[in-house]
Amino acid sequence: QVQLVESGGGLVQPGDSLRLSCAVSAPSVSNYVFGWFRQAPGEEREFVGAIRWSHGGTYYNEFAKGRFTITRDNAENTVYLQLWRAKPEDTAVYYCAAGLIDFYGPYDPPSQYPYWGQGTQVTVSS
């Protein structure tokens with residue numbers, strides 16, 4: 001069973017940065033792709049980006065390029081989402097998710113990820 005525990009959310013001012021963490025427990029972590037999603041109140045969940053654990057290759061939604069960075073720490077079994085130059089429209093609940101590396105289809109559909117964290121709230125406000 002894969003378990004994901006998120007942390008690091010909170011209040012941040014516009015223009016500042018924030019790093020979210022997702023602690024991973026998995027039998028063979030290299031067999032998974034880890035995705036980050038966000039969901040604002042009353043809106044659909046949207047794909048931010050993903051990382052392949054085996055070599056750290058990343059894939060980003062268009063809006064996330066240049067302001068979001070996904071990394072992983074092999075020693076700590078943790079996936080990170082770094083947000084740079086935060087904007088009020090980044091306010092959302094952020095989720096990490098895991099799917100097998102050989103799933104069919106693109107990275108962005110939430111249905112490709114069977115395992116999900118509990119989510120962490122990010123609020124960008126002055």
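This one's a predicted model, so the numbers in the text were calculated from it and none came from an experiment.

Colleague: Tell me about the side chain of Ser21, and please be specific about residues and values.
Modeller: Within the fold, Ser21 resides in strand β3 (residues 18-25). Non-local contacts of Ser21, meaning those with residues more than four positions away in its chain, are made with Val5, Glu6, Ser7, Trp36, Thr78, Val79 and Tyr80.

Colleague: I'd love a proper account of the state of the cysteines, names of residues and values included.
Modeller: Tallying each qualifying case throughout the model produces one disulfide. The disulfide bridge from Cys22 ends at Cys96, spanning 2.1 Å between sulfur atoms. Every disulfide takes its handedness from the sign of the S-S torsion; for Cys22 and Cys96 that torsion is 60 degrees, giving right-handed. A residue pair is termed long-range when its members are at least 10 positions apart, and Cys22 in strand β3 and Cys96 in strand β9 (residues 92-100) qualify at 74 residues.

Colleague: I'd love a proper account of the environment of Arg38, names of residues and values included.
Modeller: Position of Arg38 among the secondary structure elements: in strand β4 (residues 32-39). Judged by its relative accessible area of 9%, Arg38 falls in the buried class. As for Arg38 and Tyr94, which are separated by 56 residues in sequence, their C-alpha atoms are 4.3 Å apart. Those residues in contact with Arg38 that lie beyond four places of it in its chain are Glu44, Arg45, Glu46, Val48, Phe63, Phe68, Glu89, Asp90, Ala92, Val93 and Tyr94. Within polar-contact distance, the side chain of Arg38 engages the side chain of Glu46 at 2.6 Å.

Colleague: Please set out the nonpolar core residue by residue, giving values where relevant.
Modeller: Nonpolar side chains tend toward joint burial in soluble globular proteins. By size, the foremost hydrophobic cluster in this structure holds 28 residues, and its most contacted members are Leu4, Phe34, Trp36, Val79, Leu81 and Tyr94. Among the elements of the structure, β3, β4, β5 (46-52), β7 (68-73), β8 (78-83), β9 and β11 (120-124) are those that each provide at least two residues to this core. Those residues in contact with Phe34 that lie beyond four places of it in its chain are Leu4, Val24, Val29, Gly49, Ala50, Ile51, Trp53, Val79, Ala97, Ala98 and Tyr113. Within the second largest apolar cluster, six residues are counted, among which are Phe47, Ala50, Ala97 and Tyr113.

Colleague: I'd love a proper account of the packing of aromatic side chains, names of residues and values included.
Modeller: Under the criterion given, the structure shown has ten aromatic pairs. Taken together, a centroid distance of 6.4 Å and an interplanar angle of 45 degrees make the contact between Tyr32 and Phe34 tilted. Both residues of the pair, Tyr32 and Phe34, count as buried. Ring centres 6.3 Å apart and planes at 80 degrees place the aromatic pair Tyr95 and Trp116 in the edge-to-face group. Residue Tyr95 is located in strand β9, and its partner Trp116 is located in strand β10 (residues 115-116); the two are separated by 21 residues in the primary sequence. Under the relative-accessibility criterion, Tyr95 is labelled buried at 14%. On the accessibility criterion, Trp116 (27% relative accessible area) is partly exposed. In this structure an aromatic cluster arises from ring pairing among Phe37, Phe47, Tyr95, Tyr113 and Trp116. Cation over ring: Arg45 sits above Tyr95, and NZ or CZ is 3.9 Å from the ring centre. In this structure, Arg72 is placed above the aromatic ring of Trp53, and the distance from its NZ or CZ to the ring centre is 5.8 Å.

Calculation criteria
Residue numbers restart at each chain and count upward from 1, following the sequence in its written direction. Local features are withheld for residues below a pLDDT of 70 in this predicted model, meaning they are given only at 70 or higher, and side-chain atom pairs are given and counted only at 80 or more; totals for whole chains, interfaces and linings count all residues. Side-chain measures here rest on the full set of heavy atoms in the structure, leaving out hydrogens and waters. Under the scheme used here, helices are H or I runs from DSSP no shorter than 4 residues and strands are E runs no shorter than 2 residues, and both carry numbers assigned from the N terminus. Contacts were defined at the residue level, with two residues in contact if any of their heavy atoms lie within 4.5 Å. Cysteine sulfur atoms that come within 2.5 Å of each other are treated as a disulfide pair. Between buried and exposed lies partly exposed: a residue is buried under 20% and exposed over 50% of the maximum accessible area for its type, with that area taken using a 1.4 Å probe on protein chains only. Pairing of N or O atoms within 3.5 Å defines a polar contact, subject to two protein rules: one partner must be a possible hydrogen donor and the other a possible acceptor, and residues neighboring in sequence count only if both atoms are side-chain atoms. Only buried Ala, Val, Leu, Ile, Met, Phe, Trp, Tyr and Cys residues count toward a nonpolar core, and they belong to the same one when joined by side-chain atoms within 4.5 Å. Aromatic contacts are taken between Phe, Tyr and Trp rings whose centres are within 6.5 Å, Trp giving its six-membered ring; a plane angle under 30 degrees counts as stacked, one over 60 as edge-to-face, and the others as tilted. A ring is considered to have a charge above it if a Lys NZ or an Arg CZ atom is located within 6 Å of its centre and within 35 degrees of its normal.

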